[in-house]
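Commentary on secondary and tertiary structure
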Amino acid sequence: MQSVESKVVVITGASRGIGAAIALHVAREKVRVCLCGRNRKALTEVAQSLGLPKQEYLIVTADISKPAGMKKIVEAAYRKFGRVDVFINNAGVGVRKDTPLTTDKEYDATFDTNVKAIFYSFRELIPRMKKQGGGHIINISSMAGKQGVPGMAVYCASKAAVNIMSEAVAGEVRNDNIKISVLAPGSTNTGFMSHLSKDMKPSPKDKKRLTVDDVAEAVVHLMKQDENTWTSYSEMRPLKIK
Ligand SMILES: NC(=O)c1ccc[n+]([C@@H]2O[C@H](COP(=O)([O-])OP(=O)(O)OC[C@H]3O[C@@H](n4cnc5c(N)ncnc54)[C@H](OP(=O)(O)O)[C@@H]3O)[C@@H](O)[C@H]2O)c1
């Protein structure tokens with residue numbers, strides 16, 4: 001395991017849920033951190049909970065589903081810190097409803113946020129990471145990207161696209177000292193799925209879920225892996241299901 005102290009870590013979707021927990025766990029490793037999302041107030045609250053001095057964190061508000069939003073994040077991080085060592089594509093949205101009821105708008109929002117944003121991040125980051133001598137991009141996918149879940153077809157398709165796109169791009173850059181990792185958690189205890197539509201099916205209540213800390217710890221583990229070790233794809237699930 002290597003120390004990640006003073007590395008620059010960017011987290012999208014850091015305003016709540018898994019992203020906010022990742023921020024807390026990486027801050028304990030004494031990294032410099034860039035927190036991104038659309039809600040400045042929520043990001044500021046997360047930033048204040050980290051206990052970092054002002055010069056060691058940055059807040060960027062941006063809509064990552066637009067190319068200009070991802071560009072804004074990457075440019076702001078390079079402007080403040082001069083480099084990005086780890087970029088965590090965590091922000092995501094989902095829909096839980098029967099497929100014939102899913103609208104074009106929901107389909108597009110899901111793919112634009114979950115898939116296109118990661119493509120934009122590759123386009124912005126890879127040339128810069130090559131220039132600085134390497135880097136690590138960690139994409140938060142989902143178990144739903146490998147196992148079709150009824151009522152979540154569009155979300156499943158978006159995460160499957162993340163998995164295969166990441167694998168392809170990882171092969172393009174592995175000799176440039178750039179790692180691209182995919183972490184695919186199972187159901188995790190957040191308010192996820194409640195932000196896109198008002199008319200979604202409720203999530204199953206009795207299911208055993210991962211906690212946000214479980215996922216954040218796995219992200220830290222990926223970041224700290226030895227320089228010559230690369231976990232390309234990993235899945236997380238709770239051991240017991242009841
Ligand atoms: N929860 C689960 O069961 C679960 C399981 C497996 C994988 N995942 C994945 O884990 C990731 C985080 O999920 P979560 O459960 O923590 O969700 P969450 O609590 O709903 O948080 C989602 C985050 O994404 C940000 N976001 C959404 N759309 C955005 C956009 N267009 N531009 C910028 N930021 C945007 C939100 O920020 P603002 O709304 O403030 O902008 C928020 O910070 C997602 O990729 C999800 O697919 C979740």
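Above this text sits the structure in question.
What this report covers is the structure whose coordinates are included nearby. (Residues numbered from 1 in each chain as written. Predicted model: local features only at pLDDT ≥ 70, side-chain atom pairs only at ≥ 80, totals over all residues. Heavy atoms only, no water.)

**Considerations on the packing of helix H1 (residues 17-27) against helix H6 (residues 212-224)**
How two helices pack is summed up by the angle between their axes together with the distance between the axes. In the contact formed by H1 and H6, the axes pass within 8 Å of each other and the chain directions differ by 50 degrees. Considering the angle they form, H1 stands oblique to H6. Crossing angle aside, the handedness with which H1 passes H6 is right-handed. For the pair H1 and H6, contact is made by Gly17, Ile18, Ala21, Ile22, His25 and Val26 and by Val212, Asp213, Val215, Ala216, Glu217, Val219, Val220 and Met223, respectively. (Axes fitted to C-alpha atoms, helices over the stretch in contact; angles between N-to-C directions. Helix = DSSP H or I, 4+ residues; strand = E, 2+ residues; numbered from the N terminus. Parallel < 35°, antiparallel > 145°, perpendicular 65-115°, else oblique. Left-handed = near helix turned anticlockwise from the far one by under 90°. Contact = heavy atoms within 4.5 Å.)

**Some details on the packing of helix H4 (residues 104-132) against helix H5 (residues 153-173)**
As a packed pair, H4 and H5 sit with axes 9 Å apart at the nearest point and diverge in direction by 10 degrees. Taken together, the axes of H4 and H5 lie roughly parallel to each other. You can see that H4 and H5 cross each other, and the crossing is right-handed. Mapping the contact onto sequence places Tyr107, Thr110, Phe111, Asn114, Val115, Ile118, Phe119, Phe122 and Ile126 in H4 and Val154, Tyr155, Ala157, Ser158, Lys159, Ala161, Val162, Met165, Ser166, Val169 and Val173 in H5. Classifying every residue of the contact of H4 with H5 gives 15 nonpolar, four polar and one charged. (Nonpolar A, V, L, I, M, F, W, Y, C, P; charged D, E, K, R; others polar.)

**Considerations on the pattern of salt bridges**
A side chain of one charge can pair with a side chain of the opposite charge if their charged atoms are brought near each other. Under the counting rule described, the total for this entry stands at 12 salt bridges. The residue Asp85 makes a salt bridge to Arg83 at a minimum N-O spacing of 2.8 Å. Classification of Arg83 by relative accessible area gives partly exposed; the value is 28%. It is possible to trace a salt-bridge network through shared partners that takes in Lys71, Glu75, Glu124 and Arg128. (Salt bridge = Lys/Arg side-chain N within 4 Å of Asp/Glu carboxyl O. Buried < 20%, exposed > 50% of the residue type's maximum accessible area, 1.4 Å probe, protein only.)

**A few points about the packing of aromatic side chains**
Counted by the stated rule, this structure contains three aromatic pairs. Look at Tyr107 and Phe111: their rings are 4.8 Å apart centre to centre, the planes differ by 10 degrees, and that puts the pair in the stacked class. Note that Tyr107 and Phe111 are positioned in helix H4 at a spacing of four residues, about one turn of the helix. A relative accessible area of 40% means that Tyr107 is categorised as partly exposed. With centroids separated by 5.5 Å and ring planes inclined at 55 degrees, the aromatic side chains of Tyr155 and Phe192 adopt a geometry described as tilted. Of this pair, Tyr155 sits in helix H5 while Phe192 sits in the loop between strand S6 (178-185) and H6, and the two are 37 residues apart along the sequence. Phe192 sits in the partly exposed class, given a relative accessible area of 33%. Here the guanidinium or amino end of Arg128 rests over the ring plane of Tyr78, the centre of that ring lying 5.6 Å away. (Phe/Tyr/Trp six-rings, centres within 6.5 Å; stacked < 30°, edge-to-face > 60°. Lys NZ or Arg CZ within 6 Å of the ring centre and 35° of its normal.)

**With respect to helix H3 (residues 67-81)**
Spacing of three or four residues puts side chains on the same side of an α-helix, whose turn is 3.6 residues. Look at H3: 21 Å from first C-alpha to last across 15 residues, which is about the 21 Å you get at 1.5 Å a residue. In this fold, the buried residues of H3 make contact with strand S1 (8-12), strand S2 (32-37), strand S3 (57-61), strand S4 (86-89) and H4. Once H3 finishes, Gly82 follows within two positions and takes phi at roughly 80 degrees, a positive value. (Expected span 1.5 Å × (residues − 1).)

**A look at the environment of Gly145**
Position of Gly145 relative to the elements: it lies in the loop between strand S5 (135-140) and H5. Along the primary structure Gly145 and Glu217 are separated by 72 residues, whereas in three dimensions their C-alpha atoms are 21 Å apart. For Gly145, the contacting residues outside a window of four places in its chain are Cys156, Lys159, Ala160 and Asn163.

**Here we look at the pairing of strand S7 (residues 233-236)**
Where burial is concerned, the two faces of S7 differ: the one with Ser234 and Met236 is buried and the one with Tyr233 and Glu235 is not. Alignment of S6 against S7, held across four bridges, turns out to be parallel. Across the sheet, residue Leu183 finds its bridge partner in S7, namely Ser234. (Pairing = 2+ DSSP bridges.)

**Considerations on the sheet that holds S1**
Taken together, seven strands build an open sheet; the order of strands is S3-S2-S1-S4-S5-S6-S7 and the sheet is parallel. Each end of this open sheet is capped by a strand with a single partner; those strands are S3 and S7. Within this sheet the neighbouring strands show an average axis-to-axis angle of 15 degrees, counted without direction. Where S2 and S3 come together, five bridges link them in parallel fashion. Across the sheet, residue Cys36 finds its bridge partner in S3, namely Val60. Its contacts with the sheet place helix H2 (residues 40-49) against S2 and S3, and it is angled at close to 165 degrees to S3. Across the face of the sheet, H5 comes into contact with S5, S6 and S7 while running at roughly 160 degrees to S6.

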